[in-house]
Amino acid sequence: MKDLSRKRFIRQTGLFGASLVFLQGFGLFRVPFLSEFTESIHIEEPMNGEDVFSYIKRLRGYMDQNLYRQIIGAANEFKEGDLTVGVAAQSQELRLNARALLSQTRIRDLFDQPLFQDEQYDLIRSTTAMSDEVGEMRMCDLKSFVLNESEEKVKLIMPSLSSDVIACLVKLLSNDELIAVGQKVFHPLPGSKIGSKGYLSARIQPNSPTDDIEDIVWQVFDAWSYGVGDLVLGTNPVSSEAESVARIEAALHEIIQTFGLEKTIPNCVLSHIDVQAKVEEMQAGTTGIWFQSLAGTVEANKTFDLTIEKMFQHTAKRKGQYGLYAETGQGADFTNGHGEGFDMGVHEARKYGFIRALKMKMSENRKPED
């Protein structure tokens, strides 16, 4: 039997243009096909000096939020998640038109007109110290600034840039330009060379399919025999039961203590942050750095059983050298049903905006000697 393409299979089975229905709990939900999500985006070639908002006003006569999201999304390099949400450009011409509009838009105007607003956006906005000078810059000015000015000058304006503005900046940078910025601006971990220019650091990930302590310990020693693993001893557990997580934390912590590396490297078991906090109560001082996956919106974070208040509560408990370790996944928000009509680049940037807010809160909680 010949292999069938997905499209051919759908056509031959009569499912083309239909929807699938799944049983979830005691109810039904339907998953539309891609054609039901997407709509044709049309972005005209902008007039000379025209920005996003003057373009929308010229075409609509009012602030069309859907068109706004389409323009910002269309400026992205192609991503299937953006196509599914309905904000991806279907051609390079449309993408360049969107970027031309975005490049002429003032930072202040983007800051004042959210693509989507919830409590997490409000938190990011409140922890962005927008200056008048930065606010008056157009996005093309910001692009030129980060490419041509020194690392010190770029870092000076970073507190004035919101997550959405940073996401929009990325849309205007080519891969080579992104690499150039990455080769210039560094954020080393305080008290170490980790994250500094010219320094390669690595995480040891001693996973065991049965959470076997001996297996995990020997994987650490094996990695060290290659001269790598100075970032974190970070295990992905099979079981998230507190007792199992506690055993792994204790084993990793014992290795670090035995070799006198308490000030050099932390341990971490990547269970839910609530579980890690419980383990710290069970055996204080053994949990090293705390991990948690984060999302870009309040509703998406609920799928991780997280709230802003909960993260602040956990942040308040981290007073030593090591605080929180976060991971993000571009597309996770949409996959969990919380695309909210805006593009994946902005979703990803908002996760980092949330992290910045948590970091600021943690700095407030710490003593000078920590």
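Coordinates for the structure precede this section.
Residues numbered from 1 in each chain as written. Predicted model: local features only at pLDDT ≥ 70, side-chain atom pairs only at ≥ 80, totals over all residues. Heavy atoms only, no water.

1. Considering the pairing of strand 4 (residues 232-235)
Operational definition: The buried label goes to any residue with under 20% of its type's maximum accessible area, the exposed label to any with over 50%, and the partly exposed label to all in between, with areas taken from a 1.4 Å probe on protein chains only. Put simply, DSSP marks the helices as runs of H or I at least four residues long and the strands as runs of E at least two long, and each gets a number from the N terminus on. In short, DSSP must find at least two bridges between two strands for them to pair. With the strands aimed away from the viewer, a crossover counts as right-handed if its path from the first strand over the helix to the second runs clockwise.
The alternating pattern of strand 4 places Val232 and Gly234 and Leu233 and Thr235 on opposite faces, both of which are buried. Pairing of strand 3 (residues 203-204) with strand 4, which is carried by two bridges, proceeds in the parallel orientation. Its bridge partner lying in strand 4, isoleucine 204 is registered against leucine 233. Once you follow strand 3 into helix 14 (residues 213-224) and on to strand 4, the crossover reads as right-handed. Bridging between strand 4 and strand 5 (residues 267-269) involves three bridges; their strand directions are parallel. Within the sheet, the bridge partner assigned to leucine 233 lies in strand 5 and is asparagine 267. A crossover links strand 4 with its parallel partner strand 5, the connecting element being helix 15 (residues 242-258), and its sense is right-handed.

2. Examining the pattern of salt bridges
Any two side chains of opposite charge can pair if their charged atoms end up close together. The criterion, for reference: By definition, a salt bridge exists where a carboxyl oxygen of Asp or Glu is found within 4 Å of a side-chain nitrogen of Lys or Arg.
Applying the stated rule across the entire model yields 21 salt bridges. Each of Glu44, Glu50 and Arg58 takes part in salt bridges that share partners, so that together they form one network.

3. Considerations on empty space enclosed by the protein
Rolled over the atoms, a probe sized like a water molecule indicates the empty space that remains. Selection rule: In this analysis the probe radius is 1.4 Å and the grid spacing 1 Å, with only protein atoms considered; a cavity is a set of points the probe fits into but cannot get out of, a pocket is an open set with protein on both sides within 12 Å along at least five of seven lines, and lining residues have an atom within 4 Å of a point. Grid points are joined across faces, edges and corners, and a volume is the space filled by probe spheres set on the points. Residue polarity is assigned by list, with Asp, Glu, Lys and Arg as charged and Ala, Val, Leu, Ile, Met, Phe, Trp, Tyr, Cys and Pro as nonpolar; anything else, Gly included, falls into the polar class.
Applying the stated criterion across every chain, the model contains three cavities of 30 Å³ or more. In this structure, the largest cavity occupies an estimated 50 Å³ of space. Lining the largest cavity are Gly81, Val85, Gly331, Asp333, Phe334, Gly339, Phe342, Met344 and His347. Only helix 5 (80-85), helix 19 (332-335) and helix 20 (344-365) provide two or more residues apiece to the lining of the largest cavity. Split into classes, the residues belonging to the lining of the largest cavity amount to four nonpolar, four polar and one charged.

4. Overview of the packing of helix 8 (residues 119-126) against helix 20
What counts here: Here, axes are lines fitted to C-alpha atoms. For helices the fit covers the stretch in contact, and angles between N-to-C directions go from 0 to 180 degrees. Orientation is classified from the angle alone, with under 35 degrees giving roughly parallel, over 145 giving roughly antiparallel, 65 to 115 giving roughly perpendicular, and any other angle giving oblique. The sense of a crossing depends on the near helix, which, turned anticlockwise from the far helix by less than a right angle, makes the crossing left-handed and, turned clockwise, makes it right-handed. Any pair of residues with heavy atoms lying within 4.5 Å of one another is described as a contacting pair.
In the contact formed by helix 8 and helix 20, the axes pass within 9 Å of each other and the chain directions differ by 60°. It follows from the interaxial angle that helix 8 and helix 20 lie oblique. Note on packing geometry: the crossing formed by helix 8 with helix 20 is left-handed. The segment helix 8 lies against helix 20, with Gln120, Tyr121, Leu123 and Ile124 engaging Arg350, Gly353, Phe354 and Ala357. Across the contact of helix 8 with helix 20, the residue classes tally to five nonpolar, two polar and one charged.

5. Structural notes on unusual backbone geometry
With a phi close to 55°, aspartate 211 is a non-glycine residue in the positive phi region. We classify aspartate 211 as buried; its relative accessible area is 11%. At glutamate 340, a position not held by glycine, the phi torsion is positive, near 55°. Checked against the element boundaries, glutamate 340 lands in the loop between helix 19 and helix 20.

6. What about the nonpolar core?
Cut-off, in case you're wondering: For this analysis, a nonpolar core means a set of buried residues of the types Ala, Val, Leu, Ile, Met, Phe, Trp, Tyr and Cys, connected via side-chain atoms within 4.5 Å.
Core analysis: the largest hydrophobic core is formed by 42 residues, its most contacted members being Met139 and Leu142. Taken together, the elements giving at least two residues each to this core come down to helix 3 (52-60), helix 4 (65-74), helix 6 (92-103), helix 7 (107-112), helix 10 (139-148), helix 11 (151-157), helix 12 (163-172) and helix 20. Not counting chain neighbours up to four residues away, the residues in contact with methionine 139 comprise Leu102, Ser103, Thr105, Ile107, Leu110, Val165, Cys168, Leu169 and Leu172. Grouped together as the second largest cluster of nonpolar side chains are 18 residues, Ile204, Val220, Ala246 and Ile256 included.

7. Remarks on the packing of aromatic side chains
The line we're drawing: Pairing of aromatic rings covers Phe, Tyr and Trp, the last through its six-membered ring, and needs centres within 6.5 Å; plane angles under 30 degrees mean stacked, over 60 mean edge-to-face, and all others mean tilted.
What the rule picks out here adds up to seven aromatic pairs. Arranged with centres 5.7 Å apart and planes meeting at 20°, the rings of phenylalanine 116 and phenylalanine 342 form a pair that is stacked. Separated by 226 residues along the polypeptide, phenylalanine 116 in the loop between helix 7 and helix 8 and phenylalanine 342 in the loop between helix 19 and helix 20 bring together distant segments of the chain. For phenylalanine 116, a relative accessible area of 17% translates into the label buried. With centroids separated by 5.4 Å and ring planes inclined at 65°, the aromatic side chains of phenylalanine 291 and tyrosine 325 adopt a geometry described as edge-to-face. With phenylalanine 291 in strand 6 (residues 290-293) and tyrosine 325 in strand 7 (residues 324-327), this residue pair connects regions lying 34 residues apart in the sequence. In terms of burial, phenylalanine 291 and tyrosine 325 fall into one category: buried. A network of ring pairs unites the aromatic residues Trp218, Phe221, Trp224 and Phe259 as a single cluster.

8. Regarding the environment of glutamate 262
Within the secondary structure, glutamate 262 is located in the loop between helix 15 and strand 5. Taking the C-alpha atoms as reference points, glutamate 262 and glutamine 321, 59 residues apart in sequence, are found 9.4 Å from one another. Every residue in contact with glutamate 262, bar those within four places of it in the chain, is listed here: Ile256, Gln257, Gln321 and Tyr322.

9. Considering helix 14
Basically, it comes down to this: Any helix carries an expected span of 1.5 Å times its number of residues minus one. Note: the arc covers the axis-to-C-beta directions of the helix. Polar contacts here mean pairs of N or O atoms no more than 3.5 Å apart (in protein, one a potential hydrogen donor and the other a potential acceptor; neighbouring residues in sequence count only if both atoms are side-chain atoms).
With 12 residues, helix 14 should cover 16 Å at 1.5 Å per step; its first-to-last C-alpha distance of 17 Å lies within 8% of that length. Listed as buried for helix 14 are Ile216, Val217, Val220 and Ala223. Axial view of helix 14: buried residues confined to an arc of 125°, hence all on one face. Opposite the buried face of helix 14, at more than 90 degrees from it, the exposed residues are Glu214 and Trp218. Along its buried surface, helix 14 packs onto strand 3, strand 4 and helix 15. Regarding helix 14, its N-cap is aspartate 212, as a side-chain oxygen of that residue lies 3.3 Å from the backbone nitrogen of glutamate 214 further along.

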